[in-house]
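Listed here are the chains, written in short residue letters.
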Amino acid sequence: MSEDFGTIILKGHRFDGKDFEKKVPGLTCLSGSQVGRRIMLADDRITLGRAPEATILLRDALVSRLHLAVDFNPERGSYFISDLGSSNGTFLNGVRITEAVLNDSDKILIGNTILRFGWSDAFDLQYQAEIDNLLNIDELTGLIVKRRFDEELNRYIAVSRTQGAELAMIMIDIDGVKRINDTYGHSFGAFTIAQTGKLIKTATEHRGLASRFGGDEFMVFIPNVNIETARQIAETIRLEVEAHPFVMEGITLGPTISVGVSDLKKDDTMASLFKRADEALYQSKRTGRNKVSVVT
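Since the model is a prediction, treat every value here as computed from it, not as a measurement. (Residues numbered from 1 in each chain as written. Predicted model: local features only at pLDDT ≥ 70, side-chain atom pairs only at ≥ 80, totals over all residues. Heavy atoms only, no water.)

## Concerning the overall build of the protein
1) Next: Of the regular secondary structure elements, the protein holds six helices and 19 strands.
2) Next: Taking the principal axes of its C-alpha atoms as reference, the protein extends roughly 65 × 45 × 30 Å.
3) Next: Residues classed as buried in the protein amount to 51% of the 296 residues present.
4) Next: Pairs at least 24 apart in sequence give 59% of the contacts found in the protein among residues at least 6 apart.
5) Next: Entry remark: accessible area of the protein is about 14000 Å², with carbon and sulfur atoms responsible for 50%.
6) Next: Each charge sign in the protein was given a centre, from 36 positive and 41 negative side chains, and these centres are 4 Å apart. (Helix = DSSP H or I, 4+ residues; strand = E, 2+ residues; numbered from the N terminus. Buried < 20%, exposed > 50% of the residue type's maximum accessible area, 1.4 Å probe, protein only. Contact = heavy atoms within 4.5 Å. Areas by Shrake-Rupley, 256 points an atom, 1.4 Å probe, with all protein chains shown as cover. Lys, Arg positive; Asp, Glu negative; His and termini not counted. Charge placed at Lys NZ, Arg CZ, Asp CG, Glu CD.)

Put into structure tokens, the structure is as follows:
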């Protein structure tokens, strides 16, 4: 599972970053839940909407389940959009359309989401990548920000319900950061949080998605795993943090983590799934810390 939730590159697209003359097509979200996201286009159809089966899922109450399609016309070498019978319509540069060819800098409005179509060269893409990082990546840990994490978790909950798939959530709290801050200073605490975030990212990369919840707490969701597999992953993270040296300026800091695990139930929302994982985390903290607890 990739953690590149800023720029989406769809299949069939190839770009050599050294070729500064070549331009590639894409949509940029100017407003809405995915503001700042860049969707690179290829010659395959993409759909946008609220349904899990949409290529690009939008959390926008005014967007239909399958609202809009973007297609490539090989004869004309251009892209065009089609409204898919949406309730609230598709607007191109302020005019409601059923189908229309896209030109550079066109603005598309669906619900509360505004998209800009455009052709980008390597400089544009580099700039967009930097914007993506500013908007979506926590500078201290390298993990995605909570806003983006919440959007993706909601998406995976919807997909899991549709497909009957499993999903697990892991909550993590670093033991001893206050002691480290009080003894050595906040730069040592920040170092501890940063190192822990990197360990979590490495342990969950390609399997799930991790984010810094705030302060010294983290959260992870992992699709398509049962509660026991999630517990094993959580235990692996705990052991790796425990074994990590955490040495700064010759001082060994030695933090550990407390961990809580829960899995998705039939009627769960993101809030109820989070609540059970948080309960499991505090069970670990109340019963000695540096352990993994499970609440089902």
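Additional details are given in the paragraphs that follow.
## Observations concerning the packing of aromatic side chains
Each aromatic ring pair is described using two quantities: the centre-to-centre distance and the angle formed by the ring planes.
1) Next: Throughout the structure, instances matching the rule amount to eight aromatic pairs.
2) Next: One aromatic cluster in this structure is built from F72, Y79, F117 and W119. (Phe/Tyr/Trp six-rings, centres within 6.5 Å; stacked < 30°, edge-to-face > 60°.)

## Some thoughts on the layout of surface pockets
Empty space among the atoms becomes apparent when a probe as large as a water molecule is rolled across them.
1) Next: Estimates place the volume of the second largest pocket at around 190 Å³.
2) Next: The wall of the second largest pocket is formed by R50, P52, L57, R59, R65, N154, R155, I157, A158 and R161.
3) Next: Top contributing element to the lining of the second largest pocket by residue count: helix α2 (residues 146–163), with five residues.
4) Next: Taken together, the residues of the lining of the second largest pocket sort by class into four nonpolar, one polar and five charged. (1 Å grid on protein atoms, 1.4 Å probe; cavity = no way out; pocket = protein on both sides within 12 Å on 5 of 7 lines; lining within 4 Å. Points joined across faces, edges and corners; volume = space filled by probe spheres on them. Nonpolar A, V, L, I, M, F, W, Y, C, P; charged D, E, K, R; others polar.)

## Side note on the nonpolar core
1) Next: Counting 28 residues, the largest nonpolar core has I170, I172 and V259 as the members making the most contacts within it.
2) Next: For this core, the elements supplying multiple residues, two or more each, are β13 (167–175), α3 (177–184), α4 (186–204), β15 (217–223), α5 (227–243) and β18 (256–263).
3) Next: Excluding its chain neighbours within four sequence positions, the residues that come into contact with I172 are I200, D216, E217, F218, V220, I237, I257, S258, V259 and L281.
4) Next: C29, I39, L58 and V63 belong to the second largest nonpolar core, which has 21 residues in total. (Core = buried A, V, L, I, M, F, W, Y, C linked by side-chain atoms within 4.5 Å.)

## So, the sheet that holds strand β14 (residues 209–214)
1) Next: Across the sheet, five strands lie side by side as β14-β15-β13-β18-β19; this open sheet has mixed pairing. The open sheet has two edge strands with one neighbour each: β14 and β19 (292–294). This sheet shows a mean twist of 20° between the axes of neighbouring strands, independent of strand direction.
2) Next: Relative to β18, β13 is paired through eight bridges, and the arrangement is antiparallel. (Pairing = 2+ DSSP bridges. Axes fitted to C-alpha atoms, helices over the stretch in contact; angles between N-to-C directions.)

## A closer look at the side chain of S262
1) Next: As for its placement among the helices and strands, S262 is situated in strand β18.
2) Next: Within the structure, S262 has its side chain in polar contact with the backbone oxygen of V295 (distance 2.9 Å).
3) Next: Residues in contact with S262, not counting those within four places in the same chain, are A168, M169, I227, L273, R276, A277 and V295. (Polar contact = N/O pair within 3.5 Å; in protein donor to acceptor, adjacent residues only side chain to side chain.)

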